[in-house]
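Structure at a glance
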Amino acid sequence: MKFYNLKENDEEISFAGAVKQGLGKNQGLFFPEEIPQLNNIKELLAMPLVERSVQVLFPFVSDDLTKDELTDIVTSAFNFPAQIQPISENRAILELFHGPTLAFKDFGARFMAKCLQSFSKDKKITILTATSGDTGAAVAHAFHGIDNIRVVIMYPKGKISLLQEKMFTTLGGNIETIAVEGDFDDCQALVKKSFDDEELKNTIGLNSANSINISRLLAQICYYFEAVAQLTRQKGTADLDNIVFSVPSGNFGNLTAGLFAKAMGLPIKRFIAATNENDTVPRYLETGEWSPNDTVATISNAMDVSNPNNWPRVEHMLKSEIVDKDCVSSVSIDEQQTQITMIGLAKLGYISEPHAAVAFKALQYGANDNEFGVFLGTAHPAKFKDVVESTLGQPIALPKELADCATETTLSIDMPADFAKLREYLLANA
Ligand SMILES: *Cc1c(COP(=O)(O)O)cnc(C)c1O
């Protein structure tokens, strides 16, 4: 299958090309030429995660990978579970944080790293990525120690939690980290400028591991299938027409993957895109006007994005009716409601963190009692230890992954949000 550029439709490229290149001309996002239709959903749902994921992904990648190669990649990338946990009779969380960096981004980042490793044996590549928190850790761990791949990660200085920072700035080796004096959108703008600079791009073999990379999105399709598979096992097939996913959204990669799953035939009734106070999308869906405000800092900081970079893919799917126009609604949850919801979830016996709480609250607004609501748990509560502890008034233990890196030294350099400085750095250290 080929992938084409949503902005410059003539640009077509293979899966391997799209993975290596990240973004197309004029910063256009790659999109599959067609959405594979799976007509053996029941059979797929009965399979284990890895076997099923190979079936789901193979049509997208078959020009570049054999089934055996894909199986090797998926087996090593998805070596941890996605887990449905019931919250109440008609609500459940899909826990996506059982990977090495305790966040759902491990799925996409690990799959991307293995693909890239397989596609770029001979050529040196530089991964340049911006993170508002979790991407950095997931990408750093996924690529750490892979020969021939240099990773440069930028993040807004002082705007992510200390533990989040420790998870990706202490590795060293092929992982370089830059604390940018600015916010996440500044970091994202620097990445975009770098990709516009053809000379820089070619000299250092630039690639982005952000959620704009198609490989990350494709990987994320697989856990929607896993969720429905587990629900089917627990509840039988009777309720399959009735599942609503609430997705805590920042750059809208997670939602895009869910829409792919639905378009491929997975029975999902509809989606709620839950945002924090950075509410560009809910306002857009209501008014038809795209008018991002300045990004505001919230306790669900991985969603502090006011210009979500995956939105063009969602828009394309809705406009061209790859999915039903009405299958996405969106709601913004403020800081106070987020904290009240965390307390509410704790009373139900579930310790949660702000991102999942935003998504759970959105279900309360957006889903009926007769719908089965699944909200995505995108990070382990310990990754947001400070706010979880102060909100709930009780201590939470650090899992081993976090405890191990908490005491190590941060290796980042500081830099102003200035493209010339970044360019100089990237070339000097190539
Ligand atoms: C990245 C992230 C999100 C947002 O996901 P998108 O795919 O960017 O919409 C939500 N929660 C957490 C914890 C994240 O790290």
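Only a predicted model underlies this, so the values are computations on that prediction, with no experimental measurement involved. (Residues numbered from 1 in each chain as written. Predicted model: local features only at pLDDT ≥ 70, side-chain atom pairs only at ≥ 80, totals over all residues. Heavy atoms only, no water.)

What about the packing of aromatic side chains?
Two measures describe an aromatic ring pair: the distance that separates the ring centres and the angle between the ring planes. In the structure shown here, the tally under the stated rule is 19 aromatic pairs. Seen in terms of ring centroids, Tyr284 and Trp290 are 5.3 Å apart; in terms of plane orientation they differ by 80°. Their pairing is edge-to-face. With relative accessibility at 15%, the residue Tyr284 sits in the buried group. Consider the rings of Trp290 and Trp311, whose centres lie 6.1 Å apart with planes at 20°: the pair is stacked. (Phe/Tyr/Trp six-rings, centres within 6.5 Å; stacked < 30°, edge-to-face > 60°. Buried < 20%, exposed > 50% of the residue type's maximum accessible area, 1.4 Å probe, protein only.)

Details of the sheet that holds strand S1 (residues 3-5)
Across the sheet, three strands lie side by side as S2-S1-S3; this open sheet has antiparallel pairing. Only two strands of the sheet have a single partner each, and these edge strands are strand S2 (12-13) and strand S3 (30-32). Bridge count for S1 against S3 is three bridges, and the pairing is antiparallel. If you follow Tyr4 over to S3, its bridge partner there is Phe31. (Pairing = 2+ DSSP bridges. Helix = DSSP H or I, 4+ residues; strand = E, 2+ residues; numbered from the N terminus.)

A look at the nonpolar core
One finds Phe15, Phe111, Ile127, Phe143, Ile221, Tyr224 and Phe245 to be the most contacted residues of the largest nonpolar core, which totals 132 residues. Those residues within four positions of Phe143 in sequence are excluded, and the remaining contacts are Ala109, Met112, Ala113, Leu116, Ile127, Ile149, Val151, Asn174, Ile175 and Ala209. Judged by nonpolar contacts, the second largest core, of 19 residues, contains Ile87, Tyr350, Ala356 and Val358. (Core = buried A, V, L, I, M, F, W, Y, C linked by side-chain atoms within 4.5 Å. Contact = heavy atoms within 4.5 Å.)

Observations concerning the environment of Ala179
Locating Ala179 in the fold gives a position in strand S8 (residues 175-181). On the basis of relative accessibility, which here comes to 3%, the residue Ala179 falls in the buried class. When the C-alpha positions of Ala179 and Met415 are compared, they lie 6.2 Å apart, and in sequence the two are 236 residues distant. Dropping the residues within four chain positions of it, Ala179 is found in contact with Tyr155, Lys157, Ser412, Ile413, Asp414 and Met415.

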